[in-house]
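Overview (structure and organization)
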Amino acid sequence: MGEATGMLAGFLLIVASLAPSNLSAQGLGGPSSVQADLDPGDGLTDPRFRSNFPRNIAPEYFAWKDRLATDHGFRFNFDYLALGQSSNADIGQGQASGGIARIYGSWQATENGSLTFKIENRHAYGAVAPQFFGLDGGALSITGTAFNDNGTLLTNLYWTQRAVDGSWTFQAGQIDVTDFVDTYGLVSPYSGFQNLAFNTNPTINAPNQGLGVAAGAKLGSNFYAVASLADANADPAHPDLDVFSDGDLFKSVEIGYTSGFDRLYFDNVHLTLWHGDAATDGSRAEDYGASFSAAWFIDNKWMPFLRAGASKGTAALYDRSVSAGVGYYARNTDLAGAGLNWAEANGLPGSQATLEMFYRFSISPGLQVTPSLQFIDNPLLNPAQSSITLLGLRVRMIF
């Protein structure tokens, strides 16, 4: 562990010394982070909605929340997400459903320091949680990312420190590396694509939320670097400090380009390198890989993307993966998305292709409804069936 920590510290000193002033207000938080979830409208400058629900039915409560934010720098939300899916797979349950209850927020404790927290309860309504529904039907596919049945989890509790001149950001505590590793504008499973093929790259063996440190800095007016060091054995249901005793670590370094740091996750091209230590108990082999992502917001409506990754090891979902697609931001901050993925997996013959299409109706800042369709060709775990079609409906309510 000492060697890995020294390498990370050296890298952070280099990027900090190269960084000019001015840092994005998002810091290291991507589209699935607490920072993004606290701001309605996907970070668009002028979000419009069909209604003001639920603010119009509890105005005093929301006025109190606004005062907390203005007077004390404390912002928070409760939200609840539900996802139901059904498929024509000839094996498995044929349907899955589950929900996520979350409370999350941020306290701006000092001018340049803040504390972020998130507590979740993830649960299945029936025999199968949506996260495992593709596997249940014979597809090597995570069709409902994050909608598992892992119970109550501490997924964020970390301190963020920013330079006075905004040149760098540092985070330490209970972090979720998927908040900032290999992200792009459509990465969030709470508001965008549901299949892991179009979320965090499925060739990256990202650990569960746990103890870690991360830092980011600008390398000029358009380039940036981000590095992280996290517990590869993390269990957010039982957070602890074991990372400092067993030394099983996940490391990542990312170099990226953006048109401007106010559009960091809208206009973004980056390369990510990562490495995961082998588990000391033999439960996980060493693995490592690289991924590439390019996404660009055209006319503030269209977001085409191309993402690819390759890994060596046995723990990531795929060894090789290529995804391409487009998002379209419509009126009232609605969002449509279509993506196509090709993937190969270690030890399994052939390849699997996945198509996902969805339309998110942003009814209000506190209510989103998202029907979706997934089509999986040549499901690798069920060679007797040529393809699987899956229908889904996701609802999110924010208070």
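In this text, all values refer to a predicted model and were calculated from it rather than measured experimentally.

Before going further, it helps to examine the overall build of the protein. Counting its secondary structure elements, the protein contains five helices and 16 strands. Over its C-alpha trace the protein gives a radius of gyration of 20 Å, about what one expects of a compact globule, namely 21 Å for 399 residues. Taken along the three principal axes of its C-alpha coordinates, the protein extends 60 × 55 × 40 Å. For the protein, the residues scored as buried account for 53% of the 399 residues in total. A sequence separation of at least 24 residues applies to 63% of the contacts in the protein between residues at least 6 apart. Surface exposure of the protein reaches about 16300 Å², of which carbon and sulfur atoms provide 61%. Looking at the protein, you have 22 positive and 37 negative side-chain charges, and the mean spots of the two groups are 9 Å apart.

Judged by nonpolar contacts, the single largest core of 17 residues is most densely connected at Val177, Phe180 and Phe250. The leading source of residues in this core is strand β7 (residues 223-231), at three residues.

The amide bond that connects Phe53 to the next residue, Pro54, takes the cis arrangement and shows omega of 0°. Mapped onto the secondary structure, Pro54 falls in the loop between α2 (34-37) and α3 (59-72). With phi around 55°, Asn300 is a residue other than glycine that occupies positive phi space. Checked against the element boundaries, Asn300 lands in the loop between β10 (287-295) and β11 (302-312). You will see that Thr333, though not glycine, has its phi angle at about 60°, which is positive. Along the chain, Thr333 falls in the loop between β12 (320-329) and β13 (335-344). With relative accessibility at 5%, the residue Thr333 sits in the buried group.

Turning next to α3. The terminal C-alpha atoms of α3, which comprises 14 residues, lie 19 Å apart, in line with the 20 Å expected from a rise of 1.5 Å per residue. Every buried residue of α3 is accounted for by Phe62, Lys65 and Leu68. When α3 is viewed along its axis, its buried side chains cluster within an angular range of 110° and face the same direction. Seen from the open side of α3, the exposed residues pointing more than 90 degrees away from its buried face are Glu60, Thr70 and Asp71. Here the buried face of α3 lies against β1 (74-87). A positive backbone phi angle near 70° is found at Gly73, which sits one or two residues after α3.

All right, on to the pairing of β7 then. Among the nine residues that make up β7, eight are buried, leaving the element largely enclosed by the rest of the structure. Pairing of strand β6 (residues 210-218) with β7 involves seven bridges; the strand directions are antiparallel. Looking across to β7, one finds that Ala214 is bridged to Ser228. The hairpin turn running from β6 into β7, its antiparallel successor, is four residues long, and Gly220 in that turn takes a positive phi close to 110°. Bridge analysis of β7 against strand β8 (residues 249-258) gives nine bridges, and the strand direction is antiparallel. When the sheet's bridge partners are listed, Ala230 is paired in β8 with Phe250.

Sheet topology note: the β13/strand β14 (residues 352-364) ladder contains nine bridges and is antiparallel. Of the residues in β14, the one forming a bridge with Ala343 is Gln352. Hairpin remark: β14 followed by strand β15 (residues 367-377), antiparallel, with two residues in the connecting loop.

With that settled, the discussion passes to the pattern of salt bridges. Applying the stated criterion across every chain, the model contains 13 salt bridges. A salt bridge links Asp66 to Arg55, with the nearest nitrogen and oxygen atoms 3.0 Å apart. Highlighted residues: Asp66 in helix α3 and Arg55 in the loop between α2 and α3, separated in sequence by 11 residues. In this structure Asp66 comes out as partly exposed when scored by relative accessible area, which is 36%. Across the salt bridge formed by Asp277 and Lys251, the nearest N and O atoms sit 2.7 Å from each other. Taken as a pair, Asp277 in the loop between β9 (268-276) and β10 and Lys251 in strand β8 lie far apart in primary sequence, 26 residues in all. This pair shows no difference in class: Asp277 is buried, exactly as Lys251 is. Look at the salt bridges and you will find they share partners, linking Asp37, Asp79, Arg102 and Arg396 into a network.

Moving on to a nonpolar patch on the surface. Side chains of Leu271, Leu273, Phe292, Leu306, Val322 and Trp342 sit close together on the surface and give an oily, nonpolar patch of about 510 Å² of accessible area. Take Leu271: it is sitting in strand β9. Of the residues examined, Leu271 reaches a relative accessible area of 44% and is grouped as partly exposed.

A complete count under the given rule lists 17 aromatic pairs for this structure. Ring centres of Phe250 and Trp274 lie 6.1 Å apart, and the angle between their planes is 20°; this geometry places the pair in the stacked category. Of this pair, Phe250 sits in strand β8 while Trp274 sits in strand β9; the two residues are 24 residues apart in sequence, bridging distant segments of the chain. With respect to class, Phe250 is no different from Trp274; both count as buried. On the numbers, 4.8 Å between centres and 15° between planes, the contact of Phe266 with Phe297 is stacked. Here Phe266 is found in the loop between β8 and β9, whereas its partner Phe297 is found in the loop between β10 and β11, with 31 residues between them in sequence. Phe297 carries the same exposure label as Phe266, and that label is buried. Grouping aromatic residues by their ring pairs yields a cluster made of Tyr61, Phe62, Trp64, Phe74, Phe76, Phe78 and Phe117. It is Lys65 that lies over the ring of Phe76; its NZ or CZ is 5.0 Å from the centre. One cation-aromatic arrangement involves Arg102 over Tyr190; the distance from NZ or CZ to the ring centre is 4.2 Å.

Conventions we followed
- Residues numbered from 1 in each chain as written.
- Predicted model: local features only at pLDDT ≥ 70, side-chain atom pairs only at ≥ 80, totals over all residues.
- Heavy atoms only, no water.
- Helix = DSSP H or I, 4+ residues; strand = E, 2+ residues; numbered from the N terminus.
- Rg over C-alpha atoms; globule rule 2.2 N^0.38 Å.
- Buried < 20%, exposed > 50% of the residue type's maximum accessible area, 1.4 Å probe, protein only.
- Contact = heavy atoms within 4.5 Å.
- Areas by Shrake-Rupley, 256 points an atom, 1.4 Å probe, with all protein chains shown as cover.
- Lys, Arg positive; Asp, Glu negative; His and termini not counted.
- Charge placed at Lys NZ, Arg CZ, Asp CG, Glu CD.
- Core = buried A, V, L, I, M, F, W, Y, C linked by side-chain atoms within 4.5 Å.
- Expected span 1.5 Å × (residues − 1).
- Arc of directions from axis to C-beta.
- Pairing = 2+ DSSP bridges.
- Salt bridge = Lys/Arg side-chain N within 4 Å of Asp/Glu carboxyl O.
- Patch = residues over 30% accessible without salt bridge, like charges linked within 9 Å, V, L, I, M, F, W, Y side chains within 5 Å.
- Phe/Tyr/Trp six-rings, centres within 6.5 Å; stacked < 30°, edge-to-face > 60°.
- Lys NZ or Arg CZ within 6 Å of the ring centre and 35° of its normal.

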